[in-house]
Number of protein chains: 2
Amino acid sequence: MKALFRLLVITAGICGMAMTSIQAQKPVYIPASDLTLVGKIISTENLYHRVDTADFPALPPAVKRLLTNSAGLAVTFKTNSTAISAKWCTSSRKASSNMTGIASEGLDLYIKKNGKWQFAGVGRPREDCTEASLVKNMDNSEKECLLYLPLYDETSNLEIGIDPGASIKKLPDPFRKRILIYGSSILQGASASRPGMAYPARLSRATGLNFLNLGLSGSAKMEKAAADLVASIPADAYILDCVPNSSPQQIKERTGYLVSTIREKHPKAPIIVIQSIIREHSYWDQKVGKRVADQNAAIQDQFRLLQQKGIKDLYFISAKNLLGQDHEGTVDGTHPNDLGFDRMLHQLKPEITAILKKYDISADD
Amino acid sequence: MKALFRLLVITAGICGMAMTSIQAQKPVYIPASDLTLVGKIISTENLYHRVDTADFPALPPAVKRLLTNSAGLAVTFKTNSTAISAKWCTSSRKASSNMTGIASEGLDLYIKKNGKWQFAGVGRPREDCTEASLVKNMDNSEKECLLYLPLYDETSNLEIGIDPGASIKKLPDPFRKRILIYGSSILQGASASRPGMAYPARLSRATGLNFLNLGLSGSAKMEKAAADLVASIPADAYILDCVPNSSPQQIKERTGYLVSTIREKHPKAPIIVIQSIIREHSYWDQKVGKRVADQNAAIQDQFRLLQQKGIKDLYFISAKNLLGQDHEGTVDGTHPNDLGFDRMLHQLKPEITAILKKYDISADD
């Protein structure tokens with residue numbers, strides 16, 4: 001891309017297109033905290049944390065750390081700038097080998113076109129603090145923007161850069177209602193190629209509903225403190241995608257408390273339980289195969305038991321075919337790549353929206 | 001996954017499945033050089049280089065460096081081991097932010113099931129030299145294996161680890177004929193999630209034909225020395241996917257020499273020219289938009305000119321819809337993610353195989 005950029009600079013004079021002169025000027029930065037934050041689970045002292053863990057001292061340390069990650073958060077604004085850049089800081093952690101740097105600690109920009117959110121550019125992380133161009137050489141019409149934050153790192157600062165003289169304004173949250181999803185690394189976004197490809201982000205863009213990402217990589221184990229946290233969060237619906245991280249025994253012991261605690265606090269909200277994806281490892285590794293089968297049997301048992309106990313508005317989504325049939329839908333046998341997530345989306349979206357519609361949870365009202 | 005492993009160890013005693021005791025033993029390693037190397041473009045002194053650049057002194061330095069990358073190479077073998085591990089070394093380069101470590105410098109294992117290659121596990125790079133388990137706890141039947149090497153790094157050593165007492169044997173190359181593809185980073189594998197998801201690797205598994213990866217990230221510019229290299233490589237067919245790296249002017253000046261030099265050396269081999277994917281940036285960045293349109297117009301002009309000059313057995317594949325319609329098929333606006341590659345595969349495979357069949361180039365003979 002460096003070579004391409006050099007070439008573009010050289011050919012700019014002869015390409016015959018109307019370019020505004022401000023593009024080459026230094027961007028003017030404004031703090032993202034002045035704009036609208038989307039995907040926020042609960043109000044926090046640090047804007048880009050998901051939960052203030054001081055309020056939940058009994059949470060396991062790994063959960064506390066993961067709640068500082070900015071997974072699922074985005075900033076929305078309107079600008080007529082022809083170029084958009086960003087300055088942002090994350091921690092010194094680096095992307096794990098099954099994720100891209102862009103997904104783990106980078107930015108992902110969408111702009112609305114013909115009423116739909118369309119990918120426009122990424123912020124590639126270079127250092128713990130990076131300044132990067134996200135998109136440039138656009139026309140100067142007003143554009144609605146949605147900028148996703150890093151999935152697997154803490155974001156400690158974010159500024160949006162625009163052309164000098166261009167306008168930038170707050171936009172209302174584009175998504176309606178609140179659907180909280182509690183789950184594993186797969187929910188948090190491993191291994192989408194960029195932040196906007198995590199499955200709750202894709203569900204939000206596809207439905208207009210606000211899917212809130214409470215993905216806790218490796219740590220969605222339904223501990224009592226985690227269940228109390230989930231139940232304390234106000235939402236119109238609750239989706240539990242935490243089977244991959246919980247042992248069959250934990251599923252047996254903990255699902256009841258999680259579901260009934262949510263039900264107690266939110267008597268009418270639908271609760272949707274999703275089975276674990278069938279890990280691709282499990283077709284070869286007999287131990288993993290048995291574990292996944294046992295996890296999925298255990299959650300189905302618990303679901304039936306809770307139904308029998310009279311818990312209403314409880315739904316179950318099977319893992320069958322979530323990743324497709326060709327075994328190419330993961331990066332590492334466990335975490336979906338964008339192909340696997342696309343298949344998940346096509347199965348989950350109609351099932352989830354059909355349930356939510358029964359409760360008048362839609363983007364229309 | 002660490003937590004999962006601990007749990008599996010704890011529960012192994014109660015899971016009631018027949019596990020062989022050798023799994024827990026230290027693997028026995030054999031050099032991959034004793035096995036069959038697949039995807040080799042030409043014989044080289046360093047087994048895991050693609051071309052000995054000393055034989056082509058006029059190549060640009062960037063091309064020389066990229067030819068040391070093991071993109072497209074794989075090792076095939078047969079084993080009855082219940083676990084497969086690997087030790088391998090790459091350079092000190094790290095994955096760029098638009099790639100996973102696994103794709104850039106890791107390993108990717110497929111095992112044949114019911115006549116088809118099926119994903120089985122990855123080698124996650126940790127240091128420049130890594131020892132890692134790829135898959136374990138399998139039954140002890142004979143398995144045909146195909147292990148892909150790093151896409152974006154030099155591989156200086158590779159050993160395959162099996163259970164003590166298990167057998168490991170060379171297998172013949174599973175792919176027939178030779179179809180050389182010369183192209184950009186997209187061909188080399190950016191940004192597939194793992195080595196086996198690069199599009200030539202997927203084409204080989206899907207067709208049984210041997211697609212050879214001469215992807216040169218950012219450097220497929222059809223220089224005279226590169227054209228001479230391409231034409232010097234014996235193959236049954238030649239695919240040129242180098243438009244993304246070449247300026248419209250370079251396409252105008254260089255395509256003729258590249259195509260006619262291949263034709264001269266290989267009078268009957270089909271030559272297939274592919275337009276550039278429409279970069280997702282180009283829907284917003286007017287300069288990139290103009291460049292891609294100019295590149296694709298230039299290659300179409302050159303194709304027509306060469307046809308008019310009487311060059312036979314020359315084919316053209318349009319870029320239309322290569323990445324689909326939802327704009328979600330790239331990691332960064334330029335490089336396909338696995339979703340984009342899947343869409344490319346579904347368009348390219350029937351077009352390419354239909355052309356090859358006219359020349360009796362198929363996996364059947």
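Below: a short report on this structure. Predicted, not measured: the structure shown is a model, and the values here were computed from it.

## Description of the side chain of K40(A)
Residues and elements named next belong to chain A.
Move 1: Within the fold, K40 resides in the loop between β2 (36-38) and α2 (61-66).
Move 2: Notably, K40 is buried but unbridged: the nearest opposite-charge side chain belongs to D52, and the N-O separation is 7.3 Å.
Move 3: A polar contact of 2.6 Å, which involves the side chain of K40, links it to the backbone oxygen of L47.
Move 4: Contacts of K40, omitting those with residues within four sequence positions, involve N46, L47, Y48, H49, L73, R178 and L212.

## What to know about the relation of the copies chain B and chain A
Move 1: When chain B is fitted to chain A, the residual RMSD is 0.0 Å, and the transformation amounts to a turn of 180° plus an axial shift of 0.0 Å. The symmetry that links the two subunits is that of a two-fold axis.
Move 2: Both copies present the same face, since 100% of the interface residues in chain B are matched by interface residues at the equivalent positions in chain A.

## Looking at the sheet that holds strand β9 (residues 155-162) of chain A
Residues and elements named next belong to chain A.
Move 1: Pairing is antiparallel across the open sheet formed by four strands, whose spatial order is β1-β9-β4-β7. Every other strand in the sheet has two partners, leaving β1 (28-31) and β7 (129-135) as the edge strands with one partner each. With strand direction ignored, the average angle separating the axes of adjacent strands in the sheet is 25°.
Move 2: Of the strand pairs in this sheet, strand β4 (residues 84-90) and β9 are connected by seven bridges, and their pairing is antiparallel. Its bridge partner being in β9, A86 is matched across the sheet by I160.

## Concerning the packing of aromatic side chains
All names here are of chain A.
Move 1: In the structure shown here, the tally under the stated rule is ten aromatic pairs over all chains.
Move 2: The interplanar angle of 35° and the centroid separation of 6.3 Å between the aromatic rings of Y199 and F341 together place this pair among those described as tilted. Here F341 lies in helix α9 (residues 338-358) and Y199 lies in helix α5 (residues 199-207), a separation of 142 residues in the sequence.
Move 3: Put simply, the rings of Y110, F119 and Y148 touch in pairs and so form one group of aromatic residues.

## Regarding helix α9 (residues 338-358) of chain B
Move 1: For α9(B), which comprises 21 residues, the first-to-last C-alpha distance of 30 Å matches the rise-based estimate of 30 Å (1.5 Å per residue) to within 8%.
Move 2: In the segment just after α9(B), D360(B) is the residue with positive phi, at about 55°.

## Digging into the pairing of strand β3 (residues 74-79) of chain B
All names here are of chain B.
Move 1: For β3, a buried count of five out of six residues is recorded, marking the element as mostly surrounded by other parts of the structure.
Move 2: In the sheet, strand β2 (residues 36-38) pairs with β3 via three bridges, with the strands oriented antiparallel. The residue of β3 that forms the bridge with T36 is T76.
Move 3: Bridge count between β3 and strand β8 (residues 143-148): six bridges; the pairing is antiparallel. The residue of β8 that forms the bridge with T79 is K143.
Move 4: One ladder, built from three bridges, connects β3 with strand β10 (residues 168-170); its direction is antiparallel. From the neighbouring strand, K78 faces β10, where its bridge partner is K169.

## Thoughts on the pairing of strand β4 (residues 84-90) of chain B
All names here are of chain B.
Move 1: With six of its seven residues buried, β4 lies for the most part within the structure.
Move 2: Bridge analysis of β4 against strand β7 (residues 129-135) gives six bridges, and the strand direction is antiparallel. Bridge pairing links W88 to T130 in β7.

## Thoughts on the side chain of T76(B)
Residue and element names in this part refer to chain B.
Move 1: Examined against the element boundaries, T76 turns out to sit in strand β3.
Move 2: A distance of 2.8 Å separates a polar side-chain atom of T76 from the backbone oxygen of C145.
Move 3: Setting aside residues no more than four positions away along its own chain, T76 makes contact with L35, T36, V38, W117, C145, L146, L171, P172 and P174.

## Observations regarding the interface of chain B and chain A
One frequently used descriptor of interface size is the decrease in accessible area upon assembly of the parts.
Move 1: On the side of chain A, 64 residues touch chain B, which itself brings 64 residues to the contact.
Move 2: Along the contact surface separating chain B from chain A lie six salt bridges.
Move 3: For E328(A), the salt bridge is made with R205(B), and the minimal N-O distance between the two is 2.6 Å.
Move 4: At the junction of chain B with chain A, the criterion picks out 26 residue pairs in polar contact (both at pLDDT 80 or more).
Move 5: Grouping the amino acids of the side of chain B that touches chain A by side-chain chemistry returns 27 nonpolar, 16 polar and 21 charged.

## As for the nonpolar core
Move 1: If you look at the biggest cluster of nonpolar residues, it comprises 82 residues, and the most contacted ones within it are Y199(A) and Y199(B).
Move 2: Non-local contacts of Y199(B), meaning those with residues more than four positions away in its chain, are made with I181(B), I186(B), L187(B), D241(B), I274(B), F341(B), M344(B), L345(B) and L348(B).
Move 3: Membership of the second largest hydrophobic core comes to 40 residues, among which are I41(A), V243(A), I262(A) and L314(A).

## Regarding the pattern of salt bridges
Move 1: Counted by the stated rule, this structure contains 24 salt bridges over all chains.
Move 2: D128(B) is the salt-bridge partner of K94(B), the closest N and O atoms lying 3.2 Å from each other. Linking K94(B) in the loop between β4 and α3 (101-105) with D128(B) in the loop between β6 (116-123) and β7, this pair joins segments that are 34 residues apart in sequence.
Move 3: Between D342(B) and R202(B) there is a salt bridge, and its shortest N-O distance comes to 2.8 Å. Residue D342(B) is located in helix α9, and its partner R202(B) is located in helix α5 (residues 199-207); the two are separated by 140 residues in the primary sequence.
Move 4: On the accessibility criterion, R202(B) (6% relative accessible area) is buried.
Move 5: Among the charged side chains, a salt-bridge network with shared partners connects D108(A), R194(A), R205(A) and E328(B).

Cut-off values and rules
Residues numbered from 1 in each chain as written. Chains lettered and ligands numbered in written order. Predicted model: local features only at pLDDT ≥ 70, side-chain atom pairs only at ≥ 80, totals over all residues. Heavy atoms only, no water. Helix = DSSP H or I, 4+ residues; strand = E, 2+ residues; numbered from the N terminus. Buried < 20%, exposed > 50% of the residue type's maximum accessible area, 1.4 Å probe, protein only. Lys, Arg positive; Asp, Glu negative; His and termini not counted. Salt bridge = Lys/Arg side-chain N within 4 Å of Asp/Glu carboxyl O. Polar contact = N/O pair within 3.5 Å; in protein donor to acceptor, adjacent residues only side chain to side chain. Contact = heavy atoms within 4.5 Å. Least-squares fit on C-alpha atoms with pLDDT ≥ 70 in both. Pairing = 2+ DSSP bridges. Axes fitted to C-alpha atoms, helices over the stretch in contact; angles between N-to-C directions. Phe/Tyr/Trp six-rings, centres within 6.5 Å; stacked < 30°, edge-to-face > 60°. Expected span 1.5 Å × (residues − 1). Nonpolar A, V, L, I, M, F, W, Y, C, P; charged D, E, K, R; others polar. Core = buried A, V, L, I, M, F, W, Y, C linked by side-chain atoms within 4.5 Å.

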